[in-house]
Structure formats: structure tokens, C-alpha cells
Amino acid sequence: MSLYHISWKKIIFLNIFLVFSVFLLPGCQKEKTEDPISATDFKLNTVVTVKIYDSRDKSLLTECMNLCDKYENIFSRTKTDSELYKLNHRQIPAENTENNTYKVSGDLANLISTGLKYSSLSDGAFDISIEPLTSLWDFTAENPQVPDDALIRQALPACDYRNISVSGTDITLKSKTTAIELGAVAKGYIADQMKEYLVSQGVKSAIIDLGGNVLCIGKKPDGTPFKVGIQKPFADRNETIATMDIDGKSVVSSGIYERCFKQDGVLYHHILNPRTGYPYDNGLIAVTIISDRSTDGDALSTACFSMGLEKGMELAQSIENVQAFFVTDDYKIHYTKDFQKEIHVTESVS
């Protein structure tokens, strides 16, 4: 199984797509520049695309895809030979058997630490210890069903991020039933690592798209920003609710309408409330976060959604260099303070 088994809480459900303009070579109006080199592959249980505009070195693309494989083998909760799977199933030798402390890689420790940070900031509305619940909900099944309520109630006590602590590369799991779910932060982290690699190789203009987690390196070679369109919820993929000009930023969205199913007339989606075991029902359809780091955008898009419009807006506005917009179930867009001053956005006409 891949990193992003569907029961993972989030696989960016506002399919963000990119609109690239044709640019002209200086002094040559009839010839357009070469197309970017690009690679697309199915990894992390999603479509991964990397486009590089200012290099012809295709080995850079190969290494980006290799990084996806590397981190899947660390962060997957379903891949039986991944580091996280082994941690969750206590297959890593304990550093301290009395308090269940395990030594892990720096990457896994860093990502767990980030997950705990946003679990705390959201007061547990977003919780990386939700794995016992997410493993019950299978949105990929041919005929998905709501799990048995008794099983959900049985899993609830295990969902408490305060049962996880990090010290350097030591992870302590304070409960025997504690298990970690990193689906809300892993793709963002991987995108950031890919960007770091490309920048280290001199790339200044590129797009990384991990199934909708979009991370821009710089601008287009003609100096104009990339345009990122956000799909309108429950609409065709080519119908946008808004389009933004993005320069060197990450754009990540969480929404309810792709990984979902109906049972007895009720819509069930993948963003689960760790306190009830069932999907959130708070009047939100989607949240989009614009940030410098994709890891932060990934975590915040789910944390802010989970907290609801008012508290989610407060959290987004409390963090420096972060902008957000929230889509409520009446299809109205609610922007954080100064969003439209800092980011050029065009709302689509209904």
C-alpha cells in the first residue's frame, strides 16, 4: 500500500490545478520559449507532477520522484515496511521499555513534532493520534459503509495527541493503543523537501504538485506569477471558485467533497472529528491555505477546517506569513485579514 491510503485523513480534496501562460523570448516575438521539462507519476496514491522552467536537466525530475519513494517508506501508516508502520506496531526496538520510547529517523521525528505543534494549536481539533479512527473508515471500498458505532466508541480513548512526545529523535508513546496518522502533513513535508533539493541545484522557476498540494519555486521565467485555480466544490474539475497569482508560495486546500460517500441520505467525508469519531459537520466545505512552507499549509488547512470558520480564521490570522480563505456551505468565500491586499485573487462568476 502507498503512503496515502484513502483512510488517511486528507489527500487535498480541492483539486488545485495550474494555469500556465505562454511566454516569449526577448527580441523574438514569433518564437516561444521551450516548454518546461516535466515528469508525472502515480506516487503517494496520487498524481505527482514536477515542472521545471529554467533547467533542461531531467535527472532533477528523477531525483524528485525518488524523494517521493524515500519519504513514503518513512511516513506511510499502511506500508508494512515503512518506519511509521513499524513504530505504530511497536516493531522498532524500544529505547526505554518502561515508558515506551523509540528511536526514529530525523525526518519522522521532525514531522511528528510538526503534527504535535498543530494538534496543540488547534486544541486537539486536529490530532495526529487519530489513526485508530481513520483505520476504521475505508473511503476506497467499492461500497463504503459507516463503521460500527461500537468500534468507533472503542477507538476514541486512544485518540489523544498528548499521549505522544518528542525529544530529539526519541518518540514516546504513552499508551499501548496510541498510533500516529501523518496524512495531514506528510505531502506538505515531501513537497518542501523536493523544493529544497531543486533550489540547491540552482532551480529558480518550477512547480511541484503532489495531488493538489501545489508549491511554487519563484515565478514563471517571464517574471509573472503562476496562476493557481481552486476547483469549485462539487463541480466539474475545470470549474473554479477562485484563481490566485502565486509567487514562491505553497497552496494547499482541504475539503469534504471528493473522499466521501452517502449512506441513508447523509454525506460522510474524510475529515474526522477525533472527539466523536465521525466527520466534522461545521458549515464548512473547504479551506485553502497560502504559506511559505507546504508542511504548514498542509497541517493548517485541516486544522483550520476542523476548528470551524470563526476559530479557524483566528488560528490562520495568528500565524505570520499565512493567508487563508474559507468556503462555507452557502458557497461564500471568507478571507483572512489583508488576504486580498497581499494576494491577487479573482473569484469566478457563478
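That block above? That's the structure.
What you are looking at is a predicted structure, and each value in this text was computed from that prediction instead of being measured.

Caption draft 1: Layout of the overall build of the protein chain. Secondary structure assignment for the protein chain yields 8 helices and 20 strands. A fraction of 64% describes how many contacts in the protein chain between residues 6 or more apart in sequence connect residues 24 or more apart. Counting only carbon and sulfur atoms, one obtains 46% of the accessible surface of the protein chain, whose full area is about 15300 Å².

Caption draft 2: Structural view of the sheet that holds strand β18 (residues 323-328). Reading across from one edge, β4-β5-β10-β11-β14-β17-β18-β19 is the order of the 8 strands in this open sheet, with antiparallel pairing throughout. At either margin of the open sheet sits one strand with a lone partner, and together these are β4 (37-43) and β19 (333-335). Taking the axes of each pair of neighbouring strands and ignoring which way they run, one obtains an average angle of 15° across the sheet. Of the strands in this sheet, β4 and β5 (46-52) are in contact with helix α1 (residues 59-75), which crosses β4 at around 20°. Across the sheet, helix α6 (residues 186-200) lies against β5, β10 (206-210) and β11 (213-217), angled at about 20° from β11, the strand it touches most.

Caption draft 3: Spatial organisation of α1. Taking 1.5 Å as the rise per residue, α1 with 17 residues should run 24 Å; its terminal C-alpha atoms sit 24 Å apart, in good agreement. By the burial criterion, the buried members of α1 are Leu60, Leu61, Cys64, Met65, Leu67, Cys68, Tyr71, Glu72, Ile74 and Phe75.

Caption draft 4: Looking closely at unusual backbone geometry. One non-glycine residue with positive phi stands out, namely Asn45, at about 60°. Residue Asn45 is classed as partly exposed on the basis of its relative accessible area, which comes to 25%.

Caption draft 5: Quick look at the pairing of β5. Counting buried positions along β5 gives 5 out of 7 residues, so the element sits mostly inside the fold. In this sheet, β10 lies alongside β5 in antiparallel orientation, the contact comprising 5 bridges. Directly across from Val50, in β10, lies its bridge partner Ile208.

Caption draft 6: Representation of the nonpolar core. Membership of the largest hydrophobic core comes to 90 residues, with the highest contact counts inside it found for Phe75, Leu87, Ile112 and Met244. Residue contacts for Ile112: discarding those within four places in its chain leaves Leu87, Ile128, Ile164, Val166, Ile171, Ile180 and Leu182. Counting residues in each nonpolar core, the second largest holds 12 residues, with Leu133, Phe139, Leu156 and Cys159 among its members.

Caption draft 7: Geometry of the packing of helix α3 (residues 106-121) against helix α7 (residues 294-318). Where α3 contacts α7, the axes come no closer than 10 Å and their chain directions differ by 5°. By the criterion of interaxial angle, the relationship of α3 to α7 is roughly parallel. The residues of α7 that touch α3, namely those facing Leu111, Thr114, Tyr118 and Leu121, are Thr295, Asp296, Ala299, Leu300, Met307 and Leu315. Residue classes in the contact of α3 with α7 are distributed as 7 nonpolar, 2 polar and 1 charged.

Caption draft 8: Inspection of the state of the cysteines at higher detail. With the rule as written, the count across this model stands at 0 disulfides. You can see Cys64 has no disulfide; the closest cysteine sulfur is in Cys68, sitting 7.6 Å from it. Among the residues examined, Cys64 registers a relative accessible area of 0% and is labelled buried.

Caption draft 9: Quick look at the environment of Leu284. Of note, Leu284 is situated in strand β17 (residues 284-291). In this structure the C-alpha to C-alpha distance between Leu284 and Tyr331, which are 47 residues apart in sequence, comes to 9.0 Å. Residue contacts for Leu284: discarding those within four places in its chain leaves Ile256, Cys304, Phe305, Gly308, Leu309, Phe326, Val327 and Thr328.

Caption draft 10: View of the sheet that holds strand β7 (residues 101-103). Taken in spatial order, the 4 strands line up as β6-β7-β9-β8 in an open sheet, and their pairing is antiparallel. A strand with exactly one partner marks an edge of an open sheet, and here the two such strands are β6 (94-96) and β8 (164-167). Across this sheet, the average inter-strand angle for adjacent strands is 35°, counted without regard to direction. Of the pairings in the sheet, the one linking β6 to β7 comprises 2 bridges and is antiparallel in character. Looking at the pairing, Ala94 lines up with Tyr102 of β7. Packed onto the sheet, α3 meets β8 and β9 (170-173) and runs at close to 130° relative to β8.

Caption draft 11: Looking closely at the packing of α6 against α7. Between α6 and α7, whose axes approach to 7 Å, the crossing angle comes to 165°. By the angle between their axes, α6 is roughly antiparallel relative to α7. Between α6 and α7 the crossing geometry is right-handed. Residues Ala186, Lys187, Gly188, Tyr189, Ala191 and Asp192 of α6 form the contact with α7, whose participating residues are Ser294, Thr295 and Asp298. Tallied by class, residues from the contact of α6 with α7 come to 3 nonpolar, 3 polar and 3 charged.

Here is what the cut-offs are and how they apply
- Along each chain, residue indices are assigned from 1 in the same order as the chain's sequence is written.
- This being a predicted model, a pLDDT of at least 70 is required before a residue's local features are given, and a value of 80 or more before pairs of side-chain atoms are given or counted; all residues contribute to the totals for chains, interfaces and linings.
- Where side-chain values are given, they derive from all heavy atoms of the structure, hydrogens and water being excluded.
- A run of DSSP states H or I qualifies as a helix once it reaches four residues; a run of E qualifies as a strand once it reaches two. Both are numbered from the N-terminal end.
- Throughout, a residue-residue contact means that at least one pair of heavy atoms, one from each residue, lies within 4.5 Å.
- Using a 1.4 Å probe, the Shrake-Rupley method yields the accessible areas, and only the shown protein chains count as cover for residues.
- Two strands form a pair only when DSSP identifies at least two bridges running between them.
- Think of each axis as a best-fit line through the C-alpha atoms, taken over the contacting stretch in the case of a helix, with angles from 0 to 180 degrees between the N-to-C directions.
- For a helix, the expected span equals 1.5 Å multiplied by the residue count minus one.
- Relative accessibility decides the category of a residue: with a 1.4 Å probe and only protein chains considered, values under 20% of the type maximum give buried, values over 50% give exposed, and everything between is partly exposed.
- In this description, a nonpolar core means a group of buried Ala, Val, Leu, Ile, Met, Phe, Trp, Tyr and Cys residues linked to one another through side-chain atoms lying within 4.5 Å.
- In what follows, roughly perpendicular refers to angles from 65 to 115 degrees, roughly parallel to angles under 35, roughly antiparallel to angles over 145, and oblique to any angle outside these ranges.
- Any residue outside Ala, Val, Leu, Ile, Met, Phe, Trp, Tyr, Cys, Pro, Asp, Glu, Lys and Arg is labelled polar, Gly included; the first ten of those are nonpolar and the last four are charged.
- The rule for a disulfide is simple: a pair of cysteine sulfur atoms within 2.5 Å.
- It is the rotation of the near helix from the far one that decides the hand of a crossing: anticlockwise by less than a right angle makes it left-handed, clockwise makes it right-handed.

Everything listed here is a matter of coordinates, which is why it stays silent on function.
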